[in-house]
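What the coordinates show
Read off the chains here:
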Amino acid sequence: MRLTVPFRAAAFAVLVLATAACGAGTPAPATTPAAAPATSAVDLTREAGGVTADADLGALCRERFGDIEVERVLRVGLITDSGDVRDGSFNQFAYEGMQAAARCFGFETSYIASGTSENEAHLRELVEEGMDAVITVGFPLAAATATVAASHPDVQFIGVDQVTDYDGDNYARVTFSDDQAGFLAGAVAGMLTGSGIVGVVAGPDDIPPVVALADGFEAGVASLAADVTVLREHLDSFSDQEGGAAQADEFAASGADVIYAPAGLTGSGAILHAAQQGHWVIGVDQDQYLTTFQGGGVTGSDRIVTSTVKRVDLGVFLQLVDVAAGAFRGGPVVMDAATGGVTYAPAHEAAIPEDVHTRLEEIRAGLASGELQAASSPGGDRG
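Treat the numbers as computed from the prediction; the structure is a model and nothing was measured. (Residues numbered from 1 in each chain as written. Predicted model: local features only at pLDDT ≥ 70, side-chain atom pairs only at ≥ 80, totals over all residues. Heavy atoms only, no water.)

1. Digging into the overall build of the protein chain
- In terms of regular secondary structure, the protein chain is built from 11 helices and 13 strands.
- Counting the 383 residues in the protein chain, one finds 58% classified as buried.
- Residue pairs at least 24 apart in sequence account for 73% of intrachain contacts in the protein chain once pairs closer than 6 positions are excluded.
- Carbon and sulfur atoms provide 50% of the accessible area of the protein chain, an area that totals close to 14,400 Å². (Helix = DSSP H or I, 4+ residues; strand = E, 2+ residues; numbered from the N terminus. Buried < 20%, exposed > 50% of the residue type's maximum accessible area, 1.4 Å probe, protein only. Contact = heavy atoms within 4.5 Å. Areas by Shrake-Rupley, 256 points an atom, 1.4 Å probe, with all protein chains shown as cover.)

Dropping the structure here:
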């Protein structure tokens, strides 16, 4: 699927926080990285104390990056490895980050919803259309992105949830502290379970971020409730909603009363079904109360207690800030609780004890400060 959406920038006459001063004078355009400011947008966000789960990227543009001037309209493309940009989860968040940057800086954007067998061909198609920057979403796109980036050094690539050995300065690999996200979910599950049994319906076990989310969940449960049993199953697909629902039923039959499901649409099927059967559920990536549960518009919305939020939109947006400012640099970028890249969503309708809210925020703050460690951490942080 292909969609092209042009945006034209309006001038932003706003005051910028002092931390947004990347250097004297007007930042260089994205085409002259040698004159780029030394401080990245991720660094500035960390210095400012990160962002909250509900932070608006439009406001972030106005308040911190509104003085960046782009000399020409830059073209930015996005490609997903599976699923569309309206999946209510990972792909949608990446797309929203791109669109927020387009509104901020006047980018022209397009996207392709790909398939794993044609990833490289579709990626080359985008590049050959004259993109200045390309966002590739998902671990399976890492190899194709590294290959194409190596042969197109003048194009800037932003890979989401990708780890490769390619070290070119035109390829930024944005990963998230998934162990921290999973830890938050596990802590909530440990506090809420009445049966002493909780479950995690996970995506494929050959996807490192999925494994980190599930490992973090187990560690979070153990940190507060060492006697709670964690049921864990990795399914082979991110798009099998019926399979996710069936796995949630199996866990419930074994006594699980809280379900976490880091598995894309498969996970959405799991938590929607489990919630409609009266079990507590925890969303992932986005605030799934707003997506899977349609903002309270479907049955079971009072059973989703929170979602662990990976601010993929923020990660993409901040890299595109650097593209606009001429500050782009390749390498690994880890978004974590300290930058606001990992956080959690409110309970909305769910009637859970206030002390659960209080303890969860203490845990998030502990992860952000480094006083509390989750199961594991991705390597190579330059963020």
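There's more to say after this.
2. Brief notes about the sheet that holds strand 7 (residues 197–202)
- Sheet architecture is open: 6 strands sit in the order 8-7-9-10-11-13, paired in mixed fashion. Of all the strands in the sheet, the pair left with one neighbour each is strand 8 (229–234) and strand 13 (342–344). If you compare each strand with its neighbour and ignore which way they point, the axes differ by 15° on average.
- Here 5 bridges tie strand 10 (residues 280–285) to strand 11 (residues 304–310), and the two strands are oriented parallel to one another. Note that in strand 11 the partner of Val284 across the bridge is Thr308.
- Helix 8 (residues 241–253) rests against strand 7, strand 8 and strand 9 (258–260) of the sheet, and its axis sits at about 160° to strand 7. (Pairing = 2+ DSSP bridges. Axes fitted to C-alpha atoms, helices over the stretch in contact; angles between N-to-C directions.)

3. Let's talk about the state of the cysteines
- Throughout the structure, instances matching the rule amount to 1 disulfide.
- Across the disulfide from Cys61 sits Cys104; the S-S distance is 1.9 Å. Classification of the bridge connecting Cys61 and Cys104 rests on its S-S torsion, roughly 85°, and on that basis the disulfide is right-handed. Of this pair, Cys61 sits in helix 2 (residues 57–64) while Cys104 sits in helix 3 (residues 90–105), and the two are 43 residues apart along the sequence. For the pair shown, Cys61 and Cys104 are each scored as buried. (Disulfide = S-S within 2.5 Å.)

4. Describing the nonpolar core
- By size, the foremost hydrophobic cluster in this structure holds 86 residues, and its most contacted members are Phe65, Phe105, Phe107, Ile135, Phe317, Leu318 and Leu320.
- Phe251, Ile259, Ala274 and Ala275 belong to the second largest nonpolar core, which has 17 residues in total. (Core = buried A, V, L, I, M, F, W, Y, C linked by side-chain atoms within 4.5 Å.)

5. Some thoughts on the packing of helix 8 against helix 9 (residues 264–276)
- Between helix 8 and helix 9, the shortest axis-to-axis distance is 7 Å and the interhelical angle comes to 45°. With respect to helix 9, the element helix 8 is oriented oblique. Remark: the crossing between helix 8 and helix 9 carries right-handed chirality. Residue-level inspection shows Gln241, Gly244, Ala245, Ala248 and Asp249 of helix 8 in contact with helix 9, the latter providing Leu265, Thr266, Gly269, Ala270, His273 and Ala274.
- Class assignment of the residues belonging to the contact of helix 8 with helix 9 gives a composition of 5 nonpolar, 5 polar and 1 charged. (Parallel < 35°, antiparallel > 145°, perpendicular 65-115°, else oblique. Left-handed = near helix turned anticlockwise from the far one by under 90°. Nonpolar A, V, L, I, M, F, W, Y, C, P; charged D, E, K, R; others polar.)

6. What about the pattern of salt bridges?
- On inspection of all chains with the given rule, the structure shows 11 salt bridges.
- Across the salt bridge formed by Glu120 and Arg124, the nearest N and O atoms sit 3.2 Å from each other. Taken together, the positions of Glu120 and Arg124, both in helix 4 (residues 119–128) and 4 residues apart, correspond to about one turn of that helix.
- Look at Glu120 and you get partly exposed, because its relative accessible area is 32%. (Salt bridge = Lys/Arg side-chain N within 4 Å of Asp/Glu carboxyl O.)

7. Observations concerning the packing of helix 4 against helix 5 (residues 142–151)
- The geometry of helix 4 relative to helix 5 is characterised by a closest axis approach of 9 Å and an angle of 35° between their N-to-C directions. Pair helix 4 / helix 5 crosses with right-handed handedness. Here Asn119, Glu120, Leu123, Arg124 and Val127 of helix 4 lie close against helix 5, whose contacting residues are Ala144, Thr145, Thr147, Val148 and Ser151.
- A per-class count over the contact of helix 4 with helix 5 returns 4 nonpolar, 4 polar and 2 charged.

8. Details of helix 11 (residues 354–369)
- Helix length check: helix 11 (16 residues) gives 23 Å between terminal C-alpha atoms against 22 Å at 1.5 Å per residue, within 8%.
- If you follow the buried residues of helix 11, they end up packed against helix 6 (178–192), helix 7 (208–224) and strand 13.
- Among the residues trailing helix 11, Gly370 stands out with phi positive, at a value near 90°. (Expected span 1.5 Å × (residues − 1).)

9. Quick notes on the packing of aromatic side chains
- One pass over the structure, following the stated rule, counts 5 aromatic pairs.
- Across from the ring centre of Tyr171, 5.4 Å away, lies the NZ or CZ of Arg173, which sits over that ring.
- Against the face of Trp280 rests Arg303, its NZ or CZ located 3.7 Å from the ring centre. (Phe/Tyr/Trp six-rings, centres within 6.5 Å; stacked < 30°, edge-to-face > 60°. Lys NZ or Arg CZ within 6 Å of the ring centre and 35° of its normal.)

10. Here's the deal with helix 6
- The end-to-end C-alpha separation of helix 6 is 21 Å, in line with the 21 Å expected for 15 residues at 1.5 Å each.
- Extensive coverage of helix 6 is indicated by the burial of 14 of its 15 residues.

11. Quick look at the pairing of strand 11
- Here strand 11 lies mainly inside the structure; 7 of its 7 residues are buried.
- Relative to strand 13, strand 11 is paired through 3 bridges, and the arrangement is antiparallel. Each residue of the ladder has a partner; that of Thr308, found in strand 13, is Tyr344.

12. What to know about the confidence of the model for the protein chain
- Mean pLDDT over the protein chain works out to 86, with 86% of the residues at or above the 70 mark.
- Within the model, pLDDT remains below 50 along residues 1–37, and this stretch shows 85 contacts once partners closer than five positions in the same chain are excluded.
- Scored below 50 in pLDDT, residues 377–383 shows 26 contacts in the model against residues more than four places distant or in partner chains. (pLDDT = per-residue confidence, 0-100.)

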